[in-house]
Amino acid sequence: MKASFLSSLLLPAAASARFIEANEADPISLYTDALLEKVPASETGKFLIELSPGEIRYITEEEKWELRRTGQNFMDVTEHGDLGTLRISSRSTAVFPKTVKLQKEIKPLLANLSKTEMQEHLEKFTSFHTRYYKSDYGRQSSEWLLQTVQNTIKEAGADEYGVKAEHFKHSWGQHSIIATIPGQSKSTVVIGAHQDSINLWFPSVLPAPGADDDGSGTVTILEAFRTLLSSKDVIKGKAANTIEFHWYSAEEGGLLGSQAIFSEYEKQGRDVKAMLQQDMTGFIQKTIDSGKPESVGVITDYVDAGLTAFIKKVIEEYCDIPWVETKCGYACSDHASASKAGYPSAFVIESTFGDSDDHIHGTEDLIKYLSFDHMLQHAKMTLSLVYELGFTDFKALEGSEVSEL
């Protein structure tokens, strides 16, 4: 009864900070926080989820999976109902370069990207029975991934310059991973993917190889990271901005890992200039079967328009295939956590959303359905974007925008 009453109070509220003007206080969010403090989830035995901006309600864990089985995305905001409220007064429109500029530095790096590396990593990553975030297999896969990232750093000699990777710990056992490449400033460019997988019928029991969702994104950004570390300028900290690669835990549970990280960043006052999520980068069969050109799917809803426009320019310059616009709805991957925290975010996927992989969330999400040639295109885009933005002087860029006004 208590939960139903709270839900009725919360439903009308546009609680997501996404739609609050830069200098406007958000009394609804503040009131929501007060209500949540009075009725903790432990007392209701349920989870508070946000289905869309303003549509918030309590559900059981089984109801979570039922929603996912019907294709409904959501954020589980039980622990982070205040995400986005601390940066309301300090938000401003993000500014990104009008053109790409670092072709001379980037194009030689692209030649070093390896499909073999991605395939070997994905074969190991999908060998775990599941990567369900509450399972011991999920813990083991996360530990393997962290060790692999750390070995990648050591093999590049980047640890000598302060490049590091470590777990961001969570209560459920499978920890997120953050790799950091220090730059000339604390301003940060983030590349993300989620490491967990799920079988939506019996998550704790049935296999969930998760080759495409999101093993493909995980190894795609890992390969971009490995190749980026071959740049001496990057590992020696000459980039204008700090660069981070994130592998999130518990995306399938409602963006839990990424919410925890960006909630912490918000509280610390971290300056995140851009965040790109790579979730599913390898499936193209439905695109080919329908007679459409192989393309990089660029999400256009619930993302930062300026960052998305720049990503299109990166694809045009550095990839061998075009981009295609598509939509995925609210909270469809971890970029939504960054966005809600007030940070410019974007999401790129393997195709249009309608042509994306339909083997996911079960036992058939297997490597045999994926194209490593296509994943290579995503790796090219990732590497090029993070290099371009890593070396962007955002302070000078923002100043030039103001002077033009």
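Before reading on, note that the structure itself is shown above.
The notes below deal with the structure included here.

Cut-offs and rules
Residues numbered from 1 in each chain as written. Predicted model: local features only at pLDDT ≥ 70, side-chain atom pairs only at ≥ 80, totals over all residues. Heavy atoms only, no water. Disulfide = S-S within 2.5 Å. Helix = DSSP H or I, 4+ residues; strand = E, 2+ residues; numbered from the N terminus. Expected span 1.5 Å × (residues − 1). Buried < 20%, exposed > 50% of the residue type's maximum accessible area, 1.4 Å probe, protein only. Polar contact = N/O pair within 3.5 Å; in protein donor to acceptor, adjacent residues only side chain to side chain. Pairing = 2+ DSSP bridges. Core = buried A, V, L, I, M, F, W, Y, C linked by side-chain atoms within 4.5 Å. Contact = heavy atoms within 4.5 Å. 1 Å grid on protein atoms, 1.4 Å probe; cavity = no way out; pocket = protein on both sides within 12 Å on 5 of 7 lines; lining within 4 Å. Points joined across faces, edges and corners; volume = space filled by probe spheres on them. Nonpolar A, V, L, I, M, F, W, Y, C, P; charged D, E, K, R; others polar. Axes fitted to C-alpha atoms, helices over the stretch in contact; angles between N-to-C directions. Parallel < 35°, antiparallel > 145°, perpendicular 65-115°, else oblique. Left-handed = near helix turned anticlockwise from the far one by under 90°.

We now examine the state of the cysteines. In this structure the tally under the stated criterion is 1 disulfide. Each disulfide pairs two cysteine sulfurs, and for C328 the partner residue is C332, the sulfurs being separated by 1.9 Å.

Another aspect to go through is helix α12 (residues 305-318). Along its 14 residues, α12 runs 20 Å from first to last C-alpha, staying within 8% of the 20 Å computed at 1.5 Å per residue. For α12, every residue scored as buried is listed here: L307, T308, F310, I311, K312, V314, I315 and Y318. The N-terminus of α12 is capped by D304, whose side-chain oxygen sits 3.1 Å from the backbone nitrogen of G306.

Let us now look at the pairing of strand β2 (residues 55-59). Relative to β2, strand β1 (residues 47-52) is paired through 5 bridges, and the arrangement is antiparallel. Bridge pairing in β2 places E50 opposite I56.

Another aspect to go through is the nonpolar core. The biggest cluster of nonpolar side chains holds 65 residues, and the ones touching the most others in it are V149, F225, L228, F245, W247, I311 and L389. Looking at which element gives the most residues to this core, the answer is helix α14 (residues 372-390), with 10 residues. Once you skip the residues sitting within four places of it in the chain, V149 turns out to touch A165, A179, L222, F225 and W247. Formed by 21 residues, the second largest nonpolar core is a distinct cluster that contains Y58, L255, I261 and A331.

With that settled, the discussion passes to the layout of surface pockets. Reported here for the second largest pocket is a volume of approximately 440 Å³. In terms of lining, the second largest pocket is formed by 23 residues, of which the most central are R68, D213, F353, I360 and H361. Elements with a contribution of two residues or more to the lining of the second largest pocket: α4 (61-69) and β11 (345-349). Along the lines of polarity and charge, the residues of the lining of the second largest pocket split into 8 nonpolar, 6 polar and 9 charged.

We now examine the sheet that holds strand β3 (residues 75-76). Spatial strand order, β2-β1-β3: 3 strands in an open sheet with antiparallel pairing. Two strands close off the open sheet at either side, each with one partner strand: β2 and β3. Note that β1 and β3 share 2 bridges and pair antiparallel. From the neighbouring strand, I49 faces β3, where its bridge partner is D76. The sheet strands contacting α4 are β1, β2 and β3, and the helix crosses β2 at an angle near 130°.

A separate point is the packing of α12 against α14. Where α12 contacts α14, the axes come no closer than 9 Å and their chain directions differ by 120°. Between α12 and α14, the angle is such that the two are oblique. The crossing of α12 and α14 is right-handed. Residue-level contacts link L307, F310, I311, V314, I315 and Y318 of α12 to K380, M381, S384, L385, E388 and L389 of α14. Residues that form the contact of α12 with α14 fall into these classes: 9 nonpolar, 1 polar and 2 charged.

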